Amino acid sequence: MPFFSLQSAYQQTHNELFDIFILAPNGLMSHIFQERSGKSLVIMDEFGKGTKVANGVGLVVGTIESFISDPAACPHTLLATHFHTVHDHLPATPHVTYLTFESLRHEGELVYLYQLKEGRASSSYASLVGQAAGLSKDIVQRQQQITQAFSSKRKLLPQLMTRKEPVWNKALPLVQMLLDADLATQEGAEELLRNMPAALK
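Bear in mind the structure is a predicted one, so any value in this text is a computation, not a measurement.

Description of the packing of aromatic side chains
Consideration 1: Applying the stated criterion across every chain yields a total of two aromatic pairs.
Consideration 2: Between F33 and F67, the ring centres sit 5.3 Å apart and the planes meet at 45°, which makes this aromatic pair tilted. In this pair, F33 sits in helix 2 (residues 29–35) while F67 sits in helix 3 (residues 53–68), placing the two residues 34 residues apart along the sequence.
Consideration 3: On the basis of relative accessible area, F33 is assigned to the partly exposed category, the value being 30%.
Consideration 4: A cation sits over an aromatic face here: R120 above Y98, 4.6 Å from the ring centre.

Listed below in structure tokens is the structure:
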């Protein structure tokens, strides 16, 4: 059963028992908000998964902010997430503690120490995990390219458009220049016009 409350099952004889909410579908959040109390335990694993990153982060942050805005009814909450930017959007508060599993890099490999420590995860180590899982070097390199492009908000050409024909290779810098151009501003358009002749040579 994806959601259950021990408090409701033993309410008459175990009033001191915590409510335990294990969250699965997003639709159960409304029930949690109605029934939660300072004695509730809410467990959320990858809440917001399956949406765009910005939407998922928004769901997680909005939920946590709602919990901590009412200290008397704020449940004890365990949240596991791959949204590494959640802490950037939350206020500094004693009600929130960040924990991460300790790991280290050894000779190009990721070693899990299986020890929970206070702190924030800065990376999912996707490339190292991919290598350990046996993914090819090309796939891992492409993952790194796309991750860097996302981080820098830079548009990236689809891999299938990278060909070996001389004419196509000559056109690639121009295509990338057009993708990177900021045409929403006068300065961006003028910069594109200045750089285009050199790219066409």
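That was the structure; now back to the text.
Section: helix 3
Consideration 1: With 16 residues, helix 3 ought to run about 22 Å at 1.5 Å a step, and its terminal C-alpha atoms sit 23 Å apart, in line with that.
Consideration 2: Turning to helix 3, its buried residues are G56, V57, V60, V61, T63, I64, F67 and I68. End-on view of helix 3: buried residues confined to an arc of 160°, all on one side of the axis.
Consideration 3: Residues of helix 3 that are buried in the fold lie against helix 2, strand 2 (40–45) and strand 3 (76–80).

Notes on the UniProt feature "domain: DNA mismatch repair proteins mutS family" (unreviewed entry) in the chain
Consideration 1: Annotation from UniProt places "domain: DNA mismatch repair proteins mutS family" (unreviewed entry) at residues 40–56.
Consideration 2: Note that residues 40–56 is 24% helix and 35% strand, and that its end C-alpha atoms are spaced 23 Å apart.

Observations regarding a nonpolar patch on the surface
Consideration 1: A grouping of L99, F101 and L116 is seen on the molecular surface, where their side chains present a nonpolar patch of about 340 Å² in accessible area.
Consideration 2: On the basis of relative accessible area, L116 is assigned to the exposed category, the value being 52%.

Considering helix 5 (residues 137–151)
Consideration 1: For helix 5, which comprises 15 residues, the first-to-last C-alpha distance of 21 Å matches the rise-based estimate of 21 Å (1.5 Å per residue) to within 8%.
Consideration 2: Buried residues of helix 5: V140, R142 and A149, and no others.
Consideration 3: Against the buried residues of helix 5 lie helix 4 (126–132).
Consideration 4: K153 occupies a position one or two residues after helix 5 and carries a positive phi of about 55°.

What counts and what doesn't
Residues numbered from 1 in each chain as written. Predicted model: local features only at pLDDT ≥ 70, side-chain atom pairs only at ≥ 80, totals over all residues. Heavy atoms only, no water. Phe/Tyr/Trp six-rings, centres within 6.5 Å; stacked < 30°, edge-to-face > 60°. Helix = DSSP H or I, 4+ residues; strand = E, 2+ residues; numbered from the N terminus. Buried < 20%, exposed > 50% of the residue type's maximum accessible area, 1.4 Å probe, protein only. Lys NZ or Arg CZ within 6 Å of the ring centre and 35° of its normal. Expected span 1.5 Å × (residues − 1). Arc of directions from axis to C-beta. Contact = heavy atoms within 4.5 Å. UniProt positions renumbered as here; feature names shortened; annotations may be inferred. Patch = residues over 30% accessible without salt bridge, like charges linked within 9 Å, V, L, I, M, F, W, Y side chains within 5 Å. Areas by Shrake-Rupley, 256 points an atom, 1.4 Å probe, with all protein chains shown as cover. Salt bridge = Lys/Arg side-chain N within 4 Å of Asp/Glu carboxyl O.

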